[in-house]
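# Residue-level structure breakdown
Listed below are the residues making up each chain.
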Protein chains: 2
Amino acid sequence: MMDGAIDIHTHIVPADFPAYAGRGSGDRWPRMAAGHDCHHRSVMIDGNLFRTITDECWDTERRLDAMRSAGISRQVLSPMPELLSYWFDPDDAVAFGQHVNDTLAGMVVRAPDHFSALGMIPLQDPQLACGVLERLMASGTFAGVEIGTNVNGVPIGDPKFEPFFATAEQLGAAIFVHALHPAGQDRITGSPKLTNFVGFPCENAFAIASLITGGILRRHPGLRIACSHGGGAFALLLPRMEKGCGIAPDLAEAIGVPPRELARRLFYDTLVYDVATLRFLIDTFGVEQLCIGTDFPFDIHEQAPLDPIRALGGDEQQSWLLRTGNALRFLGGRTAGN
Amino acid sequence: MMDGAIDIHTHIVPADFPAYAGRGSGDRWPRMAAGHDCHHRSVMIDGNLFRTITDECWDTERRLDAMRSAGISRQVLSPMPELLSYWFDPDDAVAFGQHVNDTLAGMVVRAPDHFSALGMIPLQDPQLACGVLERLMASGTFAGVEIGTNVNGVPIGDPKFEPFFATAEQLGAAIFVHALHPAGQDRITGSPKLTNFVGFPCENAFAIASLITGGILRRHPGLRIACSHGGGAFALLLPRMEKGCGIAPDLAEAIGVPPRELARRLFYDTLVYDVATLRFLIDTFGVEQLCIGTDFPFDIHEQAPLDPIRALGGDEQQSWLLRTGNALRFLGGRTAGN
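This report concerns the structure included in the present document. Bear in mind the structure is a predicted one, so any value in this text is a computation, not a measurement.

## Section: the sheet that holds strand β10 (residues 174-178) of chain B
Residues and elements named next belong to chain B. Here we have 8 strands laid out as an open sheet, ordered β1-β5-β6-β7-β10-β11-β12-β13, and parallel in their pairing. Either end of the sheet is taken by a strand with one partner, and the two such strands are β1 (6-12) and β13 (290-291). Relative to strand β5 (residues 74-79), β1 runs parallel, the two being bridged by 5 bridges. When the bridges of β5 are listed, I12 appears paired with P79.

What follows is the structure in C-alpha cells.
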C-alpha cells in the first residue's frame, strides 16, 4: 500500500503553445511569451498578460525537487484553470485540449510513481466532452478530469451537464472542480486581485450548491468529485440550506436527499490557510473527505501542507486519511492510470 | 444594568401602506392585500406577491407574547429588508421611509423597555440619507439604521457611501447590514427559494469584504456595525483574504489594517442554525462580537435562540455577552433612544 502524501491540487502549464491553426480569429488562443529570466514565462490570453509562471509548471525535475522539500510523494496534475478555455468553439477546444492533455500525459509517463493526471474536456459542448473523456480514460494515463465551477457562467449543477456526469460516473473518472471566473465580481470593491481572494470562495460555494440543488449528486451516487479551496465558503451555506429544506417541504422534496448527506459525498482539499478552518471543515464534511491540496506552483500555494495536518493533533489514522487515504479513494485506485 | 436577552435581528412591516401620492408611476410602491385570515396579510410589490406575513409584523402585543416564549427581553426592530426600496427616486424614498420609520417609532413608544428601533434611509442618495439619519438620531427614538448589503447592485463598501458611514460614526448610529438582492443568482440551480438560502450567505460575505477592502472600516474605527446571518459565508473568506495580503504587498498596503483585525471590529448575529458553526464564528471573530439574531417573525426565524448559546457550554460571562452584553455595546447604550 502506498503510504506517501498525495497533493490533489497542483497545476501545470505546457512549456509552450502551438501556433493557432484553426479557422477562427485565434484571439483567445493562449500564447507563451519570454519571462524576465530562464525560469519564468508569461501566459498571454487575448493579448493580455494572464500570469507570469515558473518552469515548475512544466519541468518534472523541478517539481520533484519541490515535492521532496514539502514532503509530498505524489502530485495530481491538472491544467492551470484558465487554460480550460470554455470560450473556444468545438474545433479549437479539441485542438487546444489535446495539447494540454498530451503535456499532462508526458509528465505522468516521465514519473508515474509521483504524478497522476486530471485532463481537460470541452465542457462547453457536453456531448463532445463525453467523447474526449472516454478517450482520456481509455488511454490508461488519466485518473479523471478537472472542470471549472461554471462553464461560461452556467453552474456545473445545471441539467445541461447531466451527460458528462453520467459518463464520468460510468467510467469511474475522478472530477476535480476548480473555481473559475467567479460570480459576484461586481460586488467586490478594490484591487482586481480580490477576484481570486474574495471571489473564489463564494464561486466554489455556488458550484457545490448547484450540484446538490440541481440533483447531480443525488442521481449519481457513484461520482467521485473533489472541490478546490476546501469547498470555499460552502460549509457556511450548508446549515442555511438545511434550514431552508426544513421550512420549505417542496424544496426538500426537490433536492431529495438531505443536503448534508450529499455534501459529505464530496471530497474537499485542505487549501484553507488556517488550522481552525480546516478543523471546521472536518467537523462539517467528515475526516474521510479531506485531501491535501496546495495550488502548487503558483504564488498562493501552500508551501508546508503537512503542517496544518500535524497541528490538528489527531491520531495516526486521521493523519493518514488526510495525507494519503482519502486521496487514494478520490483517485479510485488509479494513481497514474494503472 | 439590564440583564435580559436582546435580539438584534427582528423585522417589522407596517399594518398598511398609504396610497401612492408621488409624481411617478408608483408601480413599485408596496401595497398591502388581505390575507387568508385576520392574522395574515400579503405584501405586494410591483404587482407581485412578495411575502405573506403575520400580524406579528406590526402588533406589539403579539410580539411581546412571542418574546416571552422565546426568552427574549428586547427586540431590535428593523424594516423587512425588501421595504428598503432602493429603487425609489428621492421624493418617493423619503415619503415611503417616513411611513416605515413612523411605524417603528410608534412600536418603540408603546413598549420602550422591550423594543429598540433601527430606521431606514434612502441610501441610493447618500447625501439625502445623511439628512434622514440626522433627523432619526435627533428624534431620540432610534438606535440607528438598517441598510442592505448593496444598493442597487453597488456593495456598501463602495467609496460613494463614505458620507453615510462618516455621518453614522459621528452620530454614534448603530448600523445593521442585512442581505438583500444577492449576487450570483445566475449561479443558482433550482427553486427560486434558493436565492435566500444559497444567495444570502455569499451576499453577506461580499458586503463585509467590501467594507474591509474599500477602506470604510479602516477610516471609521468608531463605527458600530452588525452583520446579519452570522456574516454569512464571510468567516470562510477571511483566511484567503489574509493569504492574499501575505503574497500581494500592494493589496495589504491598500487595505491598511490586517483583515482579521477589521473583521473583529464588526458584530455578527447568531442566526446560523448550527452550534458547530456558531462556535466557529466565535473562534473567528471573538466572543465579544456575536449577538442574538432570529429573523423574527418570518418563517425562517430561529424559535429558540437561547438554545445554541446554552449548547456552547461556555461560562456565565460568555453566555451574558452573547445574550445581552454585546448587543448593548452594538446599540451604544441607546436601547430605546434613551
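## As for the interface of chain B and chain A
Chain B puts 55 residues into the contact, and the matching count from chain A is 55 residues. Both faces considered, chain B and chain A share a buried interface measuring about 4,700 Å² in area, 69% of it formed by carbon and sulfur atoms. It is R187(B), L236(B) and R240(B) that lose the most area in chain B upon contact with chain A, and together they represent 20% of the buried surface on that side. Taken together, chain B and chain A are joined by 6 salt bridges. As a salt-bridge pair, E203(A) and R187(B) come within 2.6 Å of each other at their nearest N and O atoms.

## Digging into the relation of the copies chain B and chain A
For the pair chain B and chain A, the relating rotation is 180 degrees, the translation along its axis is 0.0 Å, and the fit reaches an RMSD of 0.0 Å. Given the turn and translation reported, the copies of this chain are related as if by a two-fold rotation axis. When the interface residues of chain B are mapped onto chain A, 100% of them again fall at the interface, so both copies present the same face.

## Regarding the pairing of strand β6 (residues 115-119) of chain B
Residues and elements named next belong to chain B. In terms of burial, β6 is largely enclosed, as 5 of its 5 residues are buried. What you see with β6 is no split at all: F115, A117 and G119 on one side and S116 and L118 on the other are buried throughout. Across 3 bridges, β5 lies against β6 in parallel orientation. By the bridge assignment for β6, V76 is matched with S116. With respect to chirality, the unit in which β5 leads through helix α2 (residues 90-110) into the neighbouring parallel β6 is right-handed.

## Observations regarding the packing of helix α3 (residues 126-139) of chain B against helix α4 (residues 162-171) of chain B
All names here are of chain B. Relative orientation of the contacting elements α3 and α4 amounts to 15 degrees, with a least axis distance of 9 Å. Classified by the angle between their axes, α3 and α4 sit roughly parallel to one another. The handedness of the crossing between α3 and α4 is right-handed. The residues of α4 that touch α3, namely those facing Q127, C130, L133, E134 and M137, are P163, F164, T167, A168 and L171.

## Side note on the environment of A209(A)
Tracing the chain through its elements places A209(A) in helix α5 (residues 194-213). Every residue in contact with A209(A), bar those within four places of it in the chain, is listed here: F234(A), M241(A) and V198(B).

## Things to note about the packing of aromatic side chains
Residues and elements named next belong to chain A. A complete count under the given rule lists 21 aromatic pairs over all chains for this structure. By way of ring pairs, the aromatic residues F17, Y20, W29, W87, F88 and F96 are connected into one cluster. Lying across the ring of W87, R28 places its NZ or CZ 4.2 Å from the centre.

Each value, and the rule that gives it
- Residues numbered from 1 in each chain as written.
- Chains lettered and ligands numbered in written order.
- Predicted model: local features only at pLDDT ≥ 70, side-chain atom pairs only at ≥ 80, totals over all residues.
- Heavy atoms only, no water.
- Pairing = 2+ DSSP bridges.
- Helix = DSSP H or I, 4+ residues; strand = E, 2+ residues; numbered from the N terminus.
- Contact = heavy atoms within 4.5 Å.
- Buried area = accessible area lost by both parts, 1.4 Å probe.
- Salt bridge = Lys/Arg side-chain N within 4 Å of Asp/Glu carboxyl O.
- Least-squares fit on C-alpha atoms with pLDDT ≥ 70 in both.
- Buried < 20%, exposed > 50% of the residue type's maximum accessible area, 1.4 Å probe, protein only.
- Right-handed = clockwise from strand over helix to strand, strands pointing away.
- Axes fitted to C-alpha atoms, helices over the stretch in contact; angles between N-to-C directions.
- Parallel < 35°, antiparallel > 145°, perpendicular 65-115°, else oblique.
- Left-handed = near helix turned anticlockwise from the far one by under 90°.
- Phe/Tyr/Trp six-rings, centres within 6.5 Å; stacked < 30°, edge-to-face > 60°.
- Lys NZ or Arg CZ within 6 Å of the ring centre and 35° of its normal.

Any functional reading would require information that these geometric values do not contain.
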